[in-house]
Amino acid sequence: MLTRRGGRVEELGVAVVGFGWMGRVHTRAYARLPHHYPRLPLRPRLIAVAEEVPGRAEEAAGQFGFATATRDWREVAADPRVRAVSVNAPNFLHRRIGVAMAEAGKHLWIEKPVGLSAGDARAVADAAARAGVQGTVGFNYRNAPAVERARDLIAAGEIGAVTHVRIRLFSDYAAHPDSALTWRYERERGGSGVLGDLASHGADLARFLLGDITALTADTAVFVPERARPAGATAGHILTGGAERGLVENEDYVGCLLRFASGARGVLEACRVSVGEQNAYGFEVHGTSGAVFWDFRRMNELAVSRGTAIQDQPVCTVQAGPGDGEFAAFQPGAANAMGYDDLKVVEAHRFLRSIAEGRPYGATLADAVRGAVVLDAMAESAASGNWVDL
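Residues numbered from 1 in each chain as written. Predicted model: local features only at pLDDT ≥ 70, side-chain atom pairs only at ≥ 80, totals over all residues. Heavy atoms only, no water.

Q: Outline the packing of aromatic side chains, listing residues and values.
A: Inspection of every chain in the model, using the stated rule, returns 14 aromatic pairs. Seen in terms of ring centroids, Tyr 141 and Tyr 281 are 5.5 Å apart; in terms of plane orientation they differ by 75°. Their pairing is edge-to-face. With Tyr 141 in the loop between strand 6 (135-137) and helix 6 (145-155) and Tyr 281 in strand 13 (residues 280-287), the pair connects residues that are 140 residues apart, well separated along the chain. By the burial criterion, Tyr 141 is buried, and Tyr 281 matches it. Its end group placed over the ring of Trp 387, Arg 259 keeps NZ or CZ at 3.8 Å from the ring centre. (Phe/Tyr/Trp six-rings, centres within 6.5 Å; stacked < 30°, edge-to-face > 60°. Helix = DSSP H or I, 4+ residues; strand = E, 2+ residues; numbered from the N terminus. Buried < 20%, exposed > 50% of the residue type's maximum accessible area, 1.4 Å probe, protein only. Lys NZ or Arg CZ within 6 Å of the ring centre and 35° of its normal.)

Q: A description of the nonpolar core should follow, citing residues and the corresponding values.
A: Tyr 30, Leu 209, Phe 283, Val 285, Val 292, Trp 294 and Met 378 are the most contacted members of the largest nonpolar core, which totals 91 residues. The element that contributes the greatest number of residues to this core is helix 8 (residues 194-210), accounting for ten residues. Setting aside anything within four residues of it in sequence, one finds Trp 294 in contact with Tyr 141, Ala 144, Ala 146, Val 147, Arg 168, Tyr 281, Gly 282, Phe 283, Met 299, Glu 301 and Leu 302. Among the nonpolar cores identified, the runner-up in size contains 35 residues, and Val 17, Val 76, Ala 128 and Leu 365 belong to it. (Core = buried A, V, L, I, M, F, W, Y, C linked by side-chain atoms within 4.5 Å. Contact = heavy atoms within 4.5 Å.)

Q: How would you sum up the pairing of strand 8 (residues 213-221)? Please name residues and give values.
A: Where strand 8 meets strand 11 (residues 253-260), eight bridges bridge the pair, whose relative direction is antiparallel. Bridge pairing in strand 11 links Ala 218 to Cys 256. Pairing geometry for strand 8 and strand 17 (residues 388-389), over two bridges, is antiparallel. Paired with Ala 215 across the two strands is Asp 389, which belongs to strand 17. (Pairing = 2+ DSSP bridges.)

Q: Describe the sheet that holds strand 2 (residues 42-50), with residues and values.
A: With parallel pairing, the six strands of this open sheet are ordered in space as 3-2-1-4-5-6. Of all the strands in the sheet, just strand 3 (68-70) and strand 6 have a single pairing partner and so form its edges. Taken pair by pair, the neighbouring strands of this sheet meet at an average axis angle of 25°, ignoring direction. In terms of strand pairing, strand 1 (residues 10-17) meets strand 2 through eight bridges, oriented parallel. Counted as the bridge partner of Ala 15 is Ala 48 from strand 2. (Axes fitted to C-alpha atoms, helices over the stretch in contact; angles between N-to-C directions.)

Next comes the structure, spelled out in structure tokens:
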């Protein structure tokens, strides 16, 4: 049970580094914490925002109320008012910023994939461990109450022994050939493509639901080999009218077969250029006596088949409700919908609870390291054409 120090709420100075779309999501999550978690003994105070795009940090400060705006994240690391930092910068900066913030004694809420490799993620995790700071990672889909209910059902044996799982993450955000050639498509700054962006969520969901992955084989492909170079600063996934083209250096698609320590088998597929698909993320987990199915686009529903019939066994749709995950912090009764931003509020709560209690809640830097090991193995397998043991 959380307790307040001296019966009063303690302010926690927070900063946001990188203020694209995800920086805004983190900031809104901090602002909403007192509304949904009034008993949390820490109250975030927006101290600083850092963004290298000229004018963007000042705009953020004016809109959201940060006390300080800067283009240099190093000023955040040196600011004694800041005790916790959200890191939403491009992937190639995660290791540098994450290590520096941890060494400065700042707790970390950092977006996946925590760098360009397992080595990067491990460096941030090790720095946080040495400094004794907490680290939360942005694997938000595991926070959906229906997903947590699915995990509970699986762990309780409600669908029998798990035999196989299919996890899919399809989207069209990069399908248009005129989408801007941002850092996401470069090896040096973005690292992997859809591996780090979407398959990282898939690897986390696989481990969250079914446990450790022991071996895999993967294939990758680039389907849109050239994109338009942007004329100026960009945010998110935008189209650009630029005539100059540049090469895409990382993968649009990955397909992967998985083996789990439990003996279960899996398929993980992710694609950022799937025309006709918008955020088509979800999973199907089959067991010896049942199954569970989840689709992010119907985030608050879980399809469940369980019982003794096995053959011709029906499937029913269960609505997430107050007994599932953090649902009760947002809605009073089942079938009242939650949305994407709510998942980040859950994440923010688990981050601050970790700080308040001095022990981790939710997705941790250790989870990021294990997930990054899976992603590195996918890249290795795609290059060699072989199975890779983890």
